[in-house]
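What follows is each chain in one-letter form.
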Amino acid sequence: MSSFKKRVPASQPKPPPATRINPHSAQLLVSTGVPALDDVLGGGLPVGGVLLIEQDRQTGYSNTLLSYFASQAIAAGHKLCIVNADRDVNLASQLPGWAGVSRSAPESGTSTGAETEQGGAGDKMQIAWRYQNLPRVDGREADTQSHSEPSARPPSTAATDTPYCENFDLSMRIPQKVIDRASVDIVDGDAIARGMSGTENKSGDMYRHVLEKISALIDDGFSSLKPLPPNAERNILRIELRSLGSGFWRGSDPNAILAFLHGLRGLLRYSYAACVISFPAYLYEEAGVRLPIVRRIEHLCDAVIELESFEGSNATPSSIVARQIKGEAASSSQEYHGFLHIHKLPRLNSLTASMGRLSILHTGGGSANNLAFRLRRKKFSIETYHLPIEGGVTERRVPAKEESNTPRLPSGAGCGSTPGRKDPLEF
């Protein structure tokens, strides 16, 4: 028997709340708030990674994903930092809530008893036997596993009572008292612009101001290079950058955004932080062709997805407003609202992405090129795109029998037989 023994610390550090370990790369993951998006990314967003969301034209579906990310931070007890430069941040009216802590949104109203009964009947609906054992990717089972089986969860989430991903409802809102208790830091772009007016060393570069702010937050208990005090627990810092690269982000030179992303990725690699960025890529086009800087921005991020809405792809703002007033559907199929394009998947601590091995949408017959999203009243979902039925469900697809004017032969008349007599060839 060998006398060598592995030295194990007396007390193993606990993983941060609402995290899990990627079995493919041993990378710590956090949820984006959308179970289907976690599935596309291979289980979630890696800690220390950057997710770039290329915004859709003239619609706000990317803002919905950002609101899910912020709500998940509040639900999990993570530190949240929102950097916004082009619009006001009102968390009480923008973030979706979850059951048990939320209030009904004023624009959608409260649900009636009939809706509750219909929802209960839908949960008991029987499906085909060959689909019963397949895992589901929706809001009810955020971990793609049953909540009634805590032993089936990964060890990182079984140690804590905080779920990996909450079941959010877009018709609900988070109460203001819950937001006040949460650790939220909002960086206003207007305040940064006013502070830059009196500075000389940064030459009015907003990117440098934001990068210094993020660096200060990481040094305040989220750096992996600094040991924690005794009996202290790790937590996650979630960073949300809205409309990065828009006209409100002022830089000292046209390539300031590249230097910012390069420095941001260097900070996140040695920290317990994850970042989601929304980027208006349609502003960097000339004659319908994207500029080369867009490809360089995508290269500096760990994961890149693009939302292409049916409403904003080939429409003007006036036509979209007129369509919303009339109440018409956003797409021709009346089921999906746009396509989800995957340009890059996270590969931290691995040479290959985890989507092919861990994704249900990918292994279930889908691929990275046929995904679509839909926004319902209560949730945002990502599914495999299927072409609608030709002609729609209301149009008759079996043509009626056409009446012909040619005379019909009487029954029993065959080849070579005389009408009224029995055919000699019949037996």
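Everything numeric in this text was worked out from a predicted model, so none of it was measured.

**Brief notes about the pattern of salt bridges**
Part 1 of the argument: Inspection of the entire model under this criterion finds 11 salt bridges.
Part 2 of the argument: Where Arg57 meets Glu285, a salt bridge forms, and the shortest distance between an N and an O atom there is 2.6 Å. Note that Arg57 is positioned in the loop between strand E4 (50-54) and helix H2 (61-76) and Glu285 in strand E12 (residues 285-286), a separation of 228 residues in sequence.
Part 3 of the argument: Between Asp205 and Arg208 there is a salt bridge, with its nearest N and O atoms 3.7 Å apart.
Part 4 of the argument: For Arg208, a relative accessible area of 45% translates into the label partly exposed.
Part 5 of the argument: Through salt bridges with shared partners, a single ionic network connects Glu54, Arg57, Glu285, Arg290, Arg295, Glu298 and Glu306.

**Some details on the sheet that holds strand E15 (residues 338-344)**
Part 1 of the argument: With mixed pairing, 9 strands are arranged side by side in an open sheet as E9-E5-E10-E11-E4-E14-E15-E16-E17. Both outer strands of the open sheet, strand E9 (184-188) and strand E17 (380-384), are each paired with one neighbouring strand and no more. Each adjacent strand pair in this sheet contributes to an overall mean axis angle of 20°, direction not counted.
Part 2 of the argument: Seen against the sheet, helix H8 (residues 206-219) touches strand E5 (79-84), E9 and strand E10 (237-241) and runs at an angle of roughly 170° to E10.
Part 3 of the argument: Those strands touched by helix H10 (residues 292-299) are E4, strand E11 (273-279), strand E14 (303-309) and E15, and its axis lies near 145° from that of E4.

**Focus on the sheet that holds strand E3 (residues 45-46)**
Part 1 of the argument: With antiparallel pairing, the 3 strands of this open sheet are ordered in space as E1-E2-E3. Two strands lie at the open edges of the sheet, namely strand E1 (19-21) and E3, each paired on one side alone.

**Observations regarding H2**
Part 1 of the argument: Across its 16 residues, H2 extends 23 Å between first and last C-alpha, which sits within 8% of the 22 Å expected from 1.5 Å per residue.
Part 2 of the argument: By the criterion of burial, H2 is predominantly enclosed, with 15 of the 16 residues buried.
Part 3 of the argument: Backbone geometry just after H2 places Gly77 at a positive phi near 80°.

**A short note on the side chain of Thr19**
Part 1 of the argument: Summarising the element assignment, Thr19 is placed in strand E1.
Part 2 of the argument: Thr19 gets classed as buried once you look at its relative accessible area, which sits at 0%.
Part 3 of the argument: Looking at Thr19, its side chain comes within polar contact range of the main-chain oxygen of Pro16, at 2.6 Å.

**Things to note about the environment of Leu348**
Part 1 of the argument: Locating Leu348 in the fold gives a position in the loop between E15 and helix H13 (355-358).
Part 2 of the argument: C-alpha separation for the pair Leu348 and Ser25, spaced 323 residues apart in sequence, amounts to 7.5 Å.
Part 3 of the argument: Residues within four places of Leu348 in sequence aside, it is in contact with Ser25, Gln27, Pro46, Val47, Gly48, Gly49, Arg269 and Asp302.

**Quick notes on the nonpolar core**
Part 1 of the argument: Residues Leu51, Leu65, Ile74 and Ile382 are the most contacted members of the largest nonpolar core, which totals 47 residues.
Part 2 of the argument: A total of 9 residues in this core trace back to one element, the largest contributor, which is H2.
Part 3 of the argument: Judged by nonpolar contacts, the second largest core, of 38 residues, contains Val210, Leu268, Ala273 and Cys301.

**Let's talk about H8**
Part 1 of the argument: Counted at 1.5 Å a residue, the expected span for H8 with its 14 residues is 20 Å, and the 20 Å between its end C-alpha atoms agrees.
Part 2 of the argument: When H8 is considered as a whole, its buried residues turn out to be Met206, Tyr207, His209, Val210, Ile214, Leu217 and Ile218.
Part 3 of the argument: In this structure Asp205 caps H8, since a side-chain oxygen of it lies 3.1 Å from the backbone nitrogen of Tyr207.
Part 4 of the argument: Downstream of H8 by one or two residues, Gly221 has phi in the positive range, about 100°.

**Topic: the packing of H8 against helix H9 (residues 256-269)**
Part 1 of the argument: Between H8 and H9, the shortest axis-to-axis distance is 10 Å and the interhelical angle comes to 5°. Classified by the interaxial angle, the pair formed by H8 and H9 is roughly parallel. Every residue of H9 that contacts H8 at Tyr207, Val210, Leu211, Ile214, Ser215 and Ile218 is listed here: Ala256, Ile257, Phe260, Gly263, Leu264, Leu267 and Leu268.
Part 2 of the argument: Each residue belonging to the contact of H8 with H9 can be placed in one class, and the counts come to 11 nonpolar, 2 polar and no charged.

**Describing the side chain of Ser31**
Part 1 of the argument: Mapped onto the elements of the fold, Ser31 is located in the loop between strand E2 (28-30) and helix H1 (35-40).
Part 2 of the argument: A distance of 2.6 Å separates the side chain of Ser31 from the side chain of Asp38, its partner in a polar contact.
Part 3 of the argument: Residues within four places of Ser31 in sequence aside, it is in contact with Asp38, Phe69, Gln72, Tyr164, Cys165 and Arg238.

**Describing the packing of aromatic side chains**
Part 1 of the argument: Per the counting criterion, the structure on display carries 11 aromatic pairs.
Part 2 of the argument: Taking the centre distance of 5.9 Å and the plane angle of 90° together, the rings of Trp98 and Phe168 count as edge-to-face. Of this pair, Trp98 sits in strand E6 (residues 96-98) while Phe168 sits in strand E8 (residues 168-173); the two residues are 70 residues apart in sequence, bridging distant segments of the chain.
Part 3 of the argument: Looking at Phe168, the relative accessible area reads 5%, which means it is buried.
Part 4 of the argument: Here the aromatic rings of Phe373 and Phe380 are separated by 5.5 Å at their centres, their planes lie at 20°, and the arrangement is stacked.
Part 5 of the argument: Overall, Phe373 belongs to the buried group, its relative accessible area being 0%.
Part 6 of the argument: Three or more aromatic residues joined by ring pairs make a cluster, and in this case those are Phe310, Tyr336, Phe339 and Tyr385.
Part 7 of the argument: The ring centre of Tyr164 lies 4.1 Å from the NZ or CZ of Arg20, which sits over that ring.
Part 8 of the argument: Lying over the aromatic face of Phe69, Arg238 brings its terminal NZ or CZ to 4.8 Å of the ring centre.

About the cut-offs
- Residues numbered from 1 in each chain as written.
- Predicted model: local features only at pLDDT ≥ 70, side-chain atom pairs only at ≥ 80, totals over all residues.
- Heavy atoms only, no water.
- Salt bridge = Lys/Arg side-chain N within 4 Å of Asp/Glu carboxyl O.
- Helix = DSSP H or I, 4+ residues; strand = E, 2+ residues; numbered from the N terminus.
- Buried < 20%, exposed > 50% of the residue type's maximum accessible area, 1.4 Å probe, protein only.
- Pairing = 2+ DSSP bridges.
- Axes fitted to C-alpha atoms, helices over the stretch in contact; angles between N-to-C directions.
- Contact = heavy atoms within 4.5 Å.
- Expected span 1.5 Å × (residues − 1).
- Polar contact = N/O pair within 3.5 Å; in protein donor to acceptor, adjacent residues only side chain to side chain.
- Core = buried A, V, L, I, M, F, W, Y, C linked by side-chain atoms within 4.5 Å.
- Parallel < 35°, antiparallel > 145°, perpendicular 65-115°, else oblique.
- Nonpolar A, V, L, I, M, F, W, Y, C, P; charged D, E, K, R; others polar.
- Phe/Tyr/Trp six-rings, centres within 6.5 Å; stacked < 30°, edge-to-face > 60°.
- Lys NZ or Arg CZ within 6 Å of the ring centre and 35° of its normal.

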